[in-house]
Amino acid sequence: MINFTLKHFRYFDALARIGHFGRAAEACSISQPALSSQIKELETMLGAPLVERAARQIRLTTLGEEFLVRARKVLTDVEEMAELARLSDGPLQGTLRIGVIPTVAPYLLPAIIQALSERLPGLELMPRESITKSLVEDLLQSRLDVIVAALPISEPALREFALFEEDFILVRSAKDADRPVPSPDKLQEMKLLLLEEGHCFRDQALSFCDMRPSDPSLVMEGSSLATLVQMVSAGLGLTLIPEMAVPLETASAKLSISRFPKKTPKRTIGMVWRKTSPLHKQLMTLGAIVRQVGQARIEQLQV
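**Re the packing of helix α5 (residues 105-119) against helix α11 (residues 280-302)**
Then, number 1: Running from N to C, α5 and α11 point in directions that differ by 130 degrees, and their axes come no closer than 10 Å. In terms of orientation, α5 and α11 fall into the oblique class. Viewed along their axes, α5 and α11 form a crossing whose handedness is right-handed. Together, Y107, L108, A111, I112, A115, L116 and R119 of α5 and L286, I289, V290, Q292, V293, G294 and R297 of α11 make up the contact between the two elements.
Then, number 2: In terms of residue class, the contact of α5 with α11 is built from ten nonpolar, two polar and two charged.

Okay, structure coming up:
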């Protein structure tokens, strides 16, 4: 009889995700020899290797790939069984692991935390900021309970709950304040600054401008909206930022802030969680609170 433990599954999942024994051991808060021993023990029980070991990284064997799918399913089921303890007719309580994309987190997360502390005092948020791809992966693997991101995610295993829409705002140098707002076609001919690859806001901006990532008019790729705005202030080009970012990112720079008069680019921000989550009812209630916070924020900016 094979006696697998959750510890085996968690260690193997970390190794498969990180691809390196040392870093995986660090993520699991154990020593590298201890992690190696656990993986070796798992392989002995299975009677075949799960990983191909190399100096700098590991690769999963065919058995390893198949075992990983089943191990992650077990870990997800265990996480959801643990969540059952939080289910009741009352409000959501305990720790909630929430992921938020970088083009939302600095501008909305503080207001969300304040509202939830008032409305759901028994809830402790554990927020994490990262790009959409990383958040979705962690959500699917039960490392997060819910994420706030731009919709659609279009992942069959996930449920999407729309919160609010917000416009894209054009940010130009102050000397361009009297110039007409360019059309999407005209933007293709200008020096455009966008976020680096991996940010969904970058993809949405490119789509609005009908541009490809390789277009020569893209003069810079930044890791944050703050960097892009400061470069615009320095005269390097122009950029698009989400509406909620305007007050914070443009407060300390001389800039021209404009809305598009026609065919206004927008994005929908929403909450996303697993369809199998037993917290569905509570997350719907939480989503209604977050929706109120987001819509109030956008309405304030449009006054």
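The rest of the description comes next.
**Comments concerning the packing of aromatic side chains**
Then, number 1: The tally for this structure, following the rule as stated, stands at seven aromatic pairs.
Then, number 2: Between F9 and F67, the aromatic rings sit 5.8 Å apart at their centres with planes inclined by 55 degrees, giving tilted as the arrangement. Here F9, found in helix α1 (residues 6-18), pairs with F67, found in helix α4 (residues 62-83); they are 58 residues apart in sequence, far enough to count as distant. The pair F9 / F67 is uniform in exposure class, with both members buried.

**Observations concerning the pairing of strand β6 (residues 158-173)**
Then, number 1: The buried fraction of β6 is high, at twelve of 16 residues.
Then, number 2: Relative to strand β11 (residues 266-274), β6 runs antiparallel, the two being bridged by nine bridges. Within the sheet, the bridge partner assigned to E160 lies in β11 and is V272.
Then, number 3: As defined by bridge partners, β6 adjoins strand β9 (residues 238-242) across four bridges and the pair is classed as antiparallel. Pairing of V171 across the sheet is with T239, part of β9.
Then, number 4: Bridge analysis of β6 against strand β10 (residues 255-258) gives four bridges, and the strand direction is antiparallel. Note on β10: the bridge partner recorded for S173 is L255.

**Overview of the side chain of T250**
Then, number 1: By the element assignment, T250 lies in the loop between α10 (246-249) and β10.
Then, number 2: Residue classification places T250 among the buried residues on the basis of a relative accessible area of 14%.
Then, number 3: Setting aside chain neighbours within four positions, we find T250 in contact with V229, I241, L255 and I257.

Here is what the cut-offs are and how they apply
- Residues numbered from 1 in each chain as written.
- Predicted model: local features only at pLDDT ≥ 70, side-chain atom pairs only at ≥ 80, totals over all residues.
- Heavy atoms only, no water.
- Axes fitted to C-alpha atoms, helices over the stretch in contact; angles between N-to-C directions.
- Helix = DSSP H or I, 4+ residues; strand = E, 2+ residues; numbered from the N terminus.
- Parallel < 35°, antiparallel > 145°, perpendicular 65-115°, else oblique.
- Left-handed = near helix turned anticlockwise from the far one by under 90°.
- Contact = heavy atoms within 4.5 Å.
- Nonpolar A, V, L, I, M, F, W, Y, C, P; charged D, E, K, R; others polar.
- Phe/Tyr/Trp six-rings, centres within 6.5 Å; stacked < 30°, edge-to-face > 60°.
- Buried < 20%, exposed > 50% of the residue type's maximum accessible area, 1.4 Å probe, protein only.
- Pairing = 2+ DSSP bridges.

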